[in-house]
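In case you want the letters, here they are:
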Amino acid sequence: MRLLVFATFFGVLLERGSALQIQCYQCEEVKHNDCSTPEFIVNCTVNVQDMCQKEVLVKADGIHYRKSCASSGACLIASSGYQQFCTGRLNSVCITCCNTPLCNGPKKKRRPLPSRGCSSTSPSLLTLLTLLTLLRLLLGPARALRHM
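Reading the values: the criteria
Residues numbered from 1 in each chain as written. Predicted model: local features only at pLDDT ≥ 70, side-chain atom pairs only at ≥ 80, totals over all residues. Heavy atoms only, no water. Salt bridge = Lys/Arg side-chain N within 4 Å of Asp/Glu carboxyl O. Helix = DSSP H or I, 4+ residues; strand = E, 2+ residues; numbered from the N terminus. Buried < 20%, exposed > 50% of the residue type's maximum accessible area, 1.4 Å probe, protein only. pLDDT = per-residue confidence, 0-100. Contact = heavy atoms within 4.5 Å. Pairing = 2+ DSSP bridges. Axes fitted to C-alpha atoms, helices over the stretch in contact; angles between N-to-C directions. Core = buried A, V, L, I, M, F, W, Y, C linked by side-chain atoms within 4.5 Å. Phe/Tyr/Trp six-rings, centres within 6.5 Å; stacked < 30°, edge-to-face > 60°. Lys NZ or Arg CZ within 6 Å of the ring centre and 35° of its normal.

**Notes on the pattern of salt bridges**
Line of reasoning, step 1. Applying the stated criterion across every chain, the model contains 5 salt bridges.
Line of reasoning, step 2. R66 is the salt-bridge partner of E28, the closest N and O atoms lying 3.7 Å from each other. Placement of E28 in strand β2 (residues 27-31) and of R66 in strand β5 (residues 62-70) is noted, with a sequence separation of 38 residues between them.
Line of reasoning, step 3. Taking the relative accessible area as the measure of exposure, R66 reaches 25% and is therefore partly exposed.
Line of reasoning, step 4. For E29, the salt bridge identified is with K59, shortest N-O distance 3.0 Å. Of this pair, E29 sits in strand β2 while K59 sits in strand β4 (residues 51-59), placing them 30 residues apart in sequence.

**Considerations on the confidence of the model for the protein**
Line of reasoning, step 1. Mean pLDDT for the protein: 75, with 60% of residues reaching 70 or above.
Line of reasoning, step 2. Scored below 50 in pLDDT, residues 1-17 shows 1 contact in the model against residues more than four places distant or in partner chains.
Line of reasoning, step 3. Throughout residues 116-123 the model reports pLDDT below 50, and contacts reaching past four residues in sequence, or to other chains, amount to 2 contacts.

**A closer look at the sheet that holds β2**
Line of reasoning, step 1. Taken in spatial order, the 4 strands of this open sheet run β2-β5-β4-β6, and their pairing is antiparallel. Of all the strands in the sheet, just β2 and β6 (93-98) have a single pairing partner and so form its edges. Between one strand and the next, the sheet's axes are offset by a mean angle of 20°, whatever the strand orientation.
Line of reasoning, step 2. Both β4 and β6 contribute to a ladder of 6 bridges, which runs antiparallel. Bridging from a neighbouring strand, E55 pairs with I95 of β6.
Line of reasoning, step 3. Here helix α2 (residues 72-81) sits on the sheet in contact with β4, β5 and β6, set at roughly 150° to β6.

**A look at unusual backbone geometry**
Line of reasoning, step 1. Its identity is not glycine, yet E29 carries a phi of approximately 50°, on the positive side.
Line of reasoning, step 2. For E29, a relative accessible area of 29% gives the class partly exposed.
Line of reasoning, step 3. Unusually for a residue other than glycine, N47 sits at a positive phi of about 60°.
Line of reasoning, step 4. With respect to the helices and strands, N47 occurs in the loop between β3 (41-43) and β4.

**What about the nonpolar core?**
Line of reasoning, step 1. If you look at the biggest cluster of nonpolar residues, it comprises 6 residues: I22, C24, C44, C52, C69 and C98.
Line of reasoning, step 2. Those residues in contact with C24 that sit more than four places away from it in its chain are F40, I41, V42, C44, M51, C52, S68, C69, L102 and N104.

**Digging into the packing of aromatic side chains**
Line of reasoning, step 1. For the structure shown, the criterion picks out 1 aromatic pair.
Line of reasoning, step 2. In this structure, K67 packs its charged tip against the face of Y25, placed 5.7 Å from the ring centre.
Line of reasoning, step 3. One residue, K67, lies across the ring of Y65, its end atom 5.7 Å from the ring centre.

**Details of the pairing of β5**
Line of reasoning, step 1. Sheet topology places β2 next to β5; 3 bridges connect them, and they run antiparallel. If you follow K31 over to β5, its bridge partner there is H64.
Line of reasoning, step 2. Taking the residues between adjacent antiparallel strands as the criterion, β4 and β5 are bridged by 2 residues.

Laid out in structure tokens, this is it:
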């Protein structure tokens, strides 16, 4: 019975995995990150181009962007090969790879971290709760209560 359940589950995974397709932004030599709008969204080649790639080139007239679909192998090789040229200075080339839909678009704005005054649980309380849980696990429920 377990074998049947495993085989069924594995078959569902293979079936779903047989048509993996990602969407990326695609453009050539665009300034000011302007190609992160809906008209630049493309469907990448199924099961071949499984990553999005973003190239940032620093030129004399400003920062240029190239965005595209890529195979994971080609993208990772390119990004590691250009790592030494990713300086942020003139003639710099930075290549990044990612594997979620439209991940080669603009960076998402981070939410600010809550201030310490708004925190619902202080670090010392979390430490105390963790220690009590460990004590309970080590000594067993009845013995842990006697030691408190």
